Amino acid sequence: MTPVRYLNRRHWRTLLAVLAVVFASVLAVLVPAAAATDSLGATALFEGKTIQLADGWGEATACLVRSDAEVVECFRTEEELDVRIVQLEQSRGPEAPRRLSSWCSGYLQLYDGTAYSGSVLYVRDRYHWINLGNYGFSNRTSSFKISACPAIFADGDYGAGDWYPTSQTEAWDQSPSMAPGWDNRVSSIYVG
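Residues numbered from 1 in each chain as written. Predicted model: local features only at pLDDT ≥ 70, side-chain atom pairs only at ≥ 80, totals over all residues. Heavy atoms only, no water.

### Some points on the sheet that holds strand 4 (residues 72-75)
Alright, step 1. Pairing within the open sheet is mixed, and its eight strands lie in the order 2-1-4-3-6-5-8-10. What marks the edges here is a single partner per strand, and that holds for strand 2 (49-52) and strand 10 (174-175).
Alright, step 2. Those strands touched by helix 2 (residues 78-91) are strand 3 (62-66), strand 4, strand 5 (108-113) and strand 6 (117-124), and its axis lies near 30° from that of strand 3. (Pairing = 2+ DSSP bridges. Helix = DSSP H or I, 4+ residues; strand = E, 2+ residues; numbered from the N terminus. Contact = heavy atoms within 4.5 Å. Axes fitted to C-alpha atoms, helices over the stretch in contact; angles between N-to-C directions.)

Structure (structure tokens):
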């Protein structure tokens, strides 16, 4: 049996210094990118043109946010968006269902009308707070559908402020209207 070697104080200090440098390097890359998105808002592709969602959606009524895409895609109708999702899922190939089954997948759908009506924002991005103002969707949610990943809704940026009852935003939850006091109040989301 090999003896376990413990780190002495000098080794711990070196290890902590290296970790601090790595952490600072990661922050130096991530923080400016997040700040740029926050100040400019998300750029979307709609019928061959780019639009700044924070400035309004124009004639688009359905937008798709995916972590694996550099640009948000917007469509004139939710039906057109659904067709695009089918195309994306088919392009993944036959191995995709097996790979995706190990983690939750699907889209969080936020609607600006009750009973799943009006403009809709589909989100497939996980493990960080998403400010809906970047997508022109802050304080617009009136109904929602959650797929296999639970979500958190907050009334402030980056999860600040009050949270929507998390018992109502578990996997597969949906609601044709918001809980009392929450209509048009969600400003940021977290999909887990």
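### Points about the pairing of strand 11 (residues 188-191)
Alright, step 1. In terms of strand pairing, strand 7 (residues 129-131) meets strand 11 through three bridges, oriented antiparallel. Its bridge partner being in strand 11, Asn131 is matched across the sheet by Ser188.

### Focus: the environment of Leu110
Alright, step 1. Within the secondary structure, Leu110 sits in strand 5.
Alright, step 2. In sequence terms Leu110 and Ser142 are 32 residues apart; their C-alpha atoms lie 7.6 Å from each other.
Alright, step 3. In this structure Leu110 touches Ser119, Val120, Leu121, Leu132, Phe137, Thr141, Ser143, Phe144, Phe153 and Ile189, once residues within four positions along its chain are discounted.

### Some points on the sheet that holds strand 9 (residues 151-154)
Alright, step 1. The three strands lie next to each other as 7-11-9, forming an open sheet whose pairing is antiparallel. Edge strands, defined here as strands with exactly one partner in the open sheet, are strand 7 and strand 9. Geometrically, the sheet is characterised by an average inter-axis angle of 20° between neighbouring strands, direction not taken into account.
Alright, step 2. With four bridges connecting them, strand 9 and strand 11 associate as antiparallel partners. Paired with Phe153 across the two strands is Ile189, which belongs to strand 11.

### Side note on the packing of aromatic side chains
Centre distance and the angle of the planes are the two values used to describe a pair of aromatic rings.
Alright, step 1. One pass over the structure, following the stated rule, counts nine aromatic pairs.
Alright, step 2. Judged by centre distance (5.7 Å) and plane angle (90°), the rings of Phe144 and Tyr164 are edge-to-face. Taken together, the residues Phe144 in strand 8 (residues 143-145) and Tyr164 in the loop between strand 9 and strand 10 connect sequence positions 20 residues apart. Taken as a pair, Phe144 and Tyr164 share a single burial class, namely buried.
Alright, step 3. With a centroid separation of 5.6 Å and an interplanar angle of 55°, the aromatic rings of Phe153 and Tyr164 are classed as tilted. You can see Phe153 sitting in strand 9 and its partner Tyr164 sitting in the loop between strand 9 and strand 10, a full 11 residues away along the chain.
Alright, step 4. Since its relative accessible area comes to 0%, Phe153 is described here as buried.
Alright, step 5. Taken together, the ring pairs in this structure connect Phe144, Phe153, Tyr164 and Trp182 into an aromatic cluster.
Alright, step 6. A cation over an aromatic ring shows up here: Arg140 above the ring of Trp57, its NZ or CZ 5.1 Å from the ring centre.
Alright, step 7. Cation over ring: Arg185 sits above Trp182, and NZ or CZ is 4.0 Å from the ring centre. (Phe/Tyr/Trp six-rings, centres within 6.5 Å; stacked < 30°, edge-to-face > 60°. Buried < 20%, exposed > 50% of the residue type's maximum accessible area, 1.4 Å probe, protein only. Lys NZ or Arg CZ within 6 Å of the ring centre and 35° of its normal.)

### Things to note about the state of the cysteines
Alright, step 1. All told, the structure shown has one disulfide when counted by the stated rule.
Alright, step 2. Here Cys63 is linked by a disulfide to Cys74, with a sulfur-sulfur distance of 2.0 Å. Across the S-S bond of Cys63 and Cys74 the torsion is about 110°, and the bridge reads as right-handed. Linking Cys63 in strand 3 with Cys74 in strand 4, this pair joins segments that are 11 residues apart in sequence.
Alright, step 3. Judged by relative accessible area, Cys74 falls into the buried class, the value being 3%. (Disulfide = S-S within 2.5 Å.)

### Structural notes on helix 2
Alright, step 1. In this model helix 2 runs 20 Å from its N-terminal to its C-terminal C-alpha over 14 residues, within 8% of the 20 Å that 1.5 Å per residue would give.
Alright, step 2. The secondary structure elements touched by the buried residues of helix 2 are strand 3, strand 4, strand 5 and strand 6. (Expected span 1.5 Å × (residues − 1).)

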